[in-house]
Amino acid sequence: MRLQALVKLMRRHFDWPLMFIVLAIVCIGLLNLYSATRYVPRRGVFGQQLLWIGIGLVVMTVFALLDYRVWLRMAWILVVGAIAAILAVRFFGVVVNESRRWIGVAGLGGQPSEAAKIAVIIGLARLVCDRESGLPWFHLIVRVAGFVATILLIAIQPDLGTAALVLLICLSVTFLMAKKLWPLLVGSGVALAASPLLWKYALLPKQRGRILALVDPSSHSSGFGWQAQQSLLAIG
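Residues numbered from 1 in each chain as written. Predicted model: local features only at pLDDT ≥ 70, side-chain atom pairs only at ≥ 80, totals over all residues. Heavy atoms only, no water.

A. Region of interest: the overall build of the chain. Looking only at helices and strands, the chain has 10 helices and 3 strands in total. When the elements of the chain are put in sequence order from the N terminus, they spell out α-α-α-α-β-β-β-α-α-α-α-α-α. The buried share among the 236 residues of the chain stands at 22%. Within the chain, residue pairs in contact and separated by at least 24 positions form 52% of the contacts whose partners lie at least 6 positions apart. Of the roughly 17000 Å² that the chain leaves accessible, carbon and sulfur atoms contribute 71%. (Helix = DSSP H or I, 4+ residues; strand = E, 2+ residues; numbered from the N terminus. Buried < 20%, exposed > 50% of the residue type's maximum accessible area, 1.4 Å probe, protein only. Contact = heavy atoms within 4.5 Å. Areas by Shrake-Rupley, 256 points an atom, 1.4 Å probe, with all protein chains shown as cover.)

Below, the structure is given as C-alpha cells:
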C-alpha cells in the first residue's frame with residue numbers, strides 16, 4: 001500500500017516535463033560523447049558516463065521521494081556542512097589546474113563547491129520560510145553571513161565561475177523575497193561603483209583574461225578564448 005501511495009504521489013506531484021527535458025539534454029550529451037570517443041583510445045569514457053548517469057537517476061529518485069520538510073529541517077546543517085567541506089579543501093584538497101577545488105576520499109574525488117550550490121538553494125528556501133514567520137534581525141544577519149562566507153570561500157579557491165553562480169542564485173531569491181526595491185537598487189549601485197576596484201585588486205590575471213575572452217573570444221583565440229573560438233568554427 002505504501003509503495004502504491006508513493007507511485008500515486010509521483011504521478012500527481014512530480015515535475016515530469018522538467019524530467020523529460022533533463023533526459024533529453026542527457027541523451028544529447030551522450031550522443032556527442034559517443035561521437036567524439038568512438039574511434040579514440042578513451043572509449044571507456046562513454047561507459048563510465050552511462051554508469052554515473054544511472055547512479056544519478058537512482059539518487060535523484062530517492063531524494064525526490066523524501067518529504068520536502070526533511071530538507072527544511074536540515075537546511076542550516078547542509079549550509080554549515082558545505083562551508084566546512086570548502087574549508088577542508090583549503091587544507092586537504094588537491095591542486096588541479098592551479099586551483100585547490102577538489103577533495104578525495106578513498107580514491108573518489110569531488111568538488112564541495114558543487115554540493116554547496118544545492119545547500120545554498122535549500123538554505124535560501126528555509127530563509128524565506130523563517131522570514132515570513134518573523135525572523136529577528138540578528139538571526140537574519142547570521143544566516144546571510146553564512147551565504148556570504150560560502151561565496152567568498154569558493155572565490156578564493158579560486159573558482160570565480162561557481163562563486164558568481166552561487167551569488168546569482170542568492171541575488172535572484174533576494175529579489176523575489178524583497179518587499180521593497182530600494183535596498184536592491186542601492187546594493188546594485190554600490191556593487192557597480194566597486195567593480196573597478198574588484199577588477200584591479202580582487203581578480204587574478206587569469207580570471208580577468210577569461211572575462212575578456214568571454215566578451216571577445218577572437219582576441220584570445222590561442223589562450224582563454226580557444227574553446228569558444230573552436231566552438232564557433234565547428235558550428236560554422
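Text resumes after the structure shown.
B. Spatial organisation of the packing of helix α5 (residues 112-132) against helix α6 (residues 137-155). Viewed as axis vectors pointing N to C, α5 and α6 meet at an angle of 165°, and their least axial separation amounts to 11 Å. Taken as axis vectors, α5 and α6 run roughly antiparallel relative to one another. You can see that α5 and α6 cross each other, and the crossing is left-handed. Residues S113, A116, V120, G123, L124, L127, D130 and R131 of α5 form the contact with α6, whose participating residues are L140, R143, F147, T150 and I154. (Axes fitted to C-alpha atoms, helices over the stretch in contact; angles between N-to-C directions. Parallel < 35°, antiparallel > 145°, perpendicular 65-115°, else oblique. Left-handed = near helix turned anticlockwise from the far one by under 90°.)

C. Region of the structure containing the pattern of salt bridges. Scanning the model with the defined rule gives 3 salt bridges in all. As a salt-bridge pair, E114 and K117 come within 3.0 Å of each other at their nearest N and O atoms. With E114 and K117 both in helix α5, this residue pair falls 3 residues apart, about one helical turn. R126 is the partner of D130 in a salt bridge, and the nearest nitrogen-oxygen pair spans 3.0 Å. One end of the pair is D130 and the other is R126, both in helix α5 and 4 residues apart, which spans about a single turn. Through salt bridges that share partners, R126, D130 and R143 make up one connected network. (Salt bridge = Lys/Arg side-chain N within 4 Å of Asp/Glu carboxyl O.)

D. The arrangement of the packing of aromatic side chains in detail. Under the criterion given, the structure shown has 4 aromatic pairs. Residues W76 and F147 carry aromatic rings whose centres are separated by 5.9 Å and whose planes lie at 45° to one another, so their mutual orientation is tilted. Separated by 71 residues along the polypeptide, W76 in helix α4 (residues 68-92) and F147 in helix α6 bring together distant segments of the chain. Residues W76 and F147 agree in their burial class; the two are buried. (Phe/Tyr/Trp six-rings, centres within 6.5 Å; stacked < 30°, edge-to-face > 60°.)

E. Representation of the nonpolar core in the model. Within the largest apolar cluster, 20 residues are counted, with the highest numbers of intra-cluster contacts made by V120, L124, L127, F147, I154, V166 and C170. When residues of this core are traced back to their parent elements, those giving at least two are α4, α5, α6 and α7 (160-177). If sequence neighbours within four positions are ignored, F147 has contacts with W76, V79, V120, G123, L124, L127 and C170. (Core = buried A, V, L, I, M, F, W, Y, C linked by side-chain atoms within 4.5 Å.)

F. Just the environment of V148, in detail. Looking at where V148 falls in the secondary structure, it is placed in helix α6. A relative accessible area of 41% places V148 in the partly exposed class. Counting along the chain gives 18 residues from V148 to V166, while the straight-line C-alpha distance between them is 9.6 Å.

G. Here's a closer look at the side chain of T150. Of note, T150 is situated in helix α6. The class for T150 is buried, based on a relative accessible area of 1%. Leaving out residues up to four positions away in the same chain, T150 has contacts with I83, I86, A116 and V120.

H. Representation of the environment of G225 in the model. By the secondary structure assignment, G225 is in the loop between α9 (205-215) and α10 (226-235). Given the relative accessible area of 1%, G225 is considered buried. The spacing of G225 and A213 is 12 residues in sequence and 4.9 Å in space, taken between C-alpha atoms.

I. Expanded view of a nonpolar patch on the surface. Among the surface-exposed residues, L51, W52, I55, V58, V59, V62, F63 and L66 lie close enough to one another that they form a single nonpolar patch of about 740 Å² accessible area. Of note, F63 is situated in helix α3 (residues 44-65). Using a relative accessible area of 45% as the deciding quantity, one classes F63 as partly exposed. (Patch = residues over 30% accessible without salt bridge, like charges linked within 9 Å, V, L, I, M, F, W, Y side chains within 5 Å.)

J. Highlighting the packing of α6 against α7. In the contact formed by α6 and α7, the axes pass within 8 Å of each other and the chain directions differ by 160°. Between α6 and α7, the interaxial angle falls into the category roughly antiparallel. For the pair α6 and α7, the sense of crossing is left-handed. Of α7, the residues touching α6 (which contributes F147, I151, I154 and A155) are T162, A163, V166, L167 and C170.

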